[in-house]
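Structural overview for review
Listed below, chain by chain, are the residues.
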Amino acid sequence: MSVKLAYTEISSPIGVLTVVGSDNALHYIEFGEAKDAHQSITRKSRARNEGIDLYESREALTNSIEQLEAYFNHELRAFELELHYHGTPFQKLVWEAVSSIPFGETRSYKDIAQQIGAPKAVRAVGGANNKNPIPIVVPCHRVIGSNGSMVGYGGGLPIKEHLLKMEGSI
């Protein structure tokens with residue numbers, strides 16, 4: 001049985017984003033156009049033996065779109081959205097920790113590893129952060145190297161830097 005999820009594209013200062021979810025939860029944000037996002041999400045869901053049936057609908061995603069637009073317009077500092085994580089228990093633990101990083105602040109991968117009670121799992125935290133299905137809302141861009149360096153971001157380092165500058169972190 002497959003889950004029906006709505007998708008739509010939105011324009012943002014960092015390019016086109018494809019937002020995917022339902023009336024009650026946000027599931028994915030993908031960098032780029034819907035056709036590419038559709039392939040990526042389908043591939044990920046097959047890898048987890050999940051069936052996802054995507055249909056286009058802006059209306060089903062109104063709350064998510066409004067909050068993303070407010071964020072990019074400097075009118076929102078904290079999202080209030082129901083999130084549905086697609087990942088392992090460890091990944092979900094990391095994403096919850098990353099979600100607790102306040103607007104305008106950063107944490108290192110080491111900080112996150114310590115926060116979840118796995119201080120030696122710095123690389124695993126990085127791997128989980130890399131698989132974040134809901135970037136921006138789950139602010140993986142706020143995780144940096146312990147020396148303050150910009151390391152890895154699914155949307156690319158220029159986008160990570162743009163988001164951190166927009167939030168006043170750098």
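So, how was this worked out
Residues numbered from 1 in each chain as written. Predicted model: local features only at pLDDT ≥ 70, side-chain atom pairs only at ≥ 80, totals over all residues. Heavy atoms only, no water. Domains from an automatic or database assignment. Contact = heavy atoms within 4.5 Å. Buried area = accessible area lost by both parts, 1.4 Å probe. Salt bridge = Lys/Arg side-chain N within 4 Å of Asp/Glu carboxyl O. Polar contact = N/O pair within 3.5 Å; in protein donor to acceptor, adjacent residues only side chain to side chain.

**A look at the domain arrangement of the protein chain**
Often the size quoted for an interface is simply the accessible area lost on bringing the parts together. With domains assigned, the protein chain is organised as domain 1 (2-73) and domain 2 (89-167). When each unit is reduced to the centre of its C-alpha atoms, the spacing between domain 1 and domain 2 is 21 Å. Listed per partner, the contact involves 11 residues of domain 1 and 15 residues of domain 2. Summing the contributions of domain 1 and of domain 2, the shared interface buries around 1100 Å²; its carbon and sulfur component is 78%. Per-residue buried area on domain 1 facing domain 2 is highest for I14, F31 and Y71; these three make up 55% of the total on that side. In this assembly, domain 1 and domain 2 are joined by 0 salt bridges. The tally of links from domain 1 across to domain 2 stands at 2 residue pairs in polar contact (both at pLDDT 80 or more).

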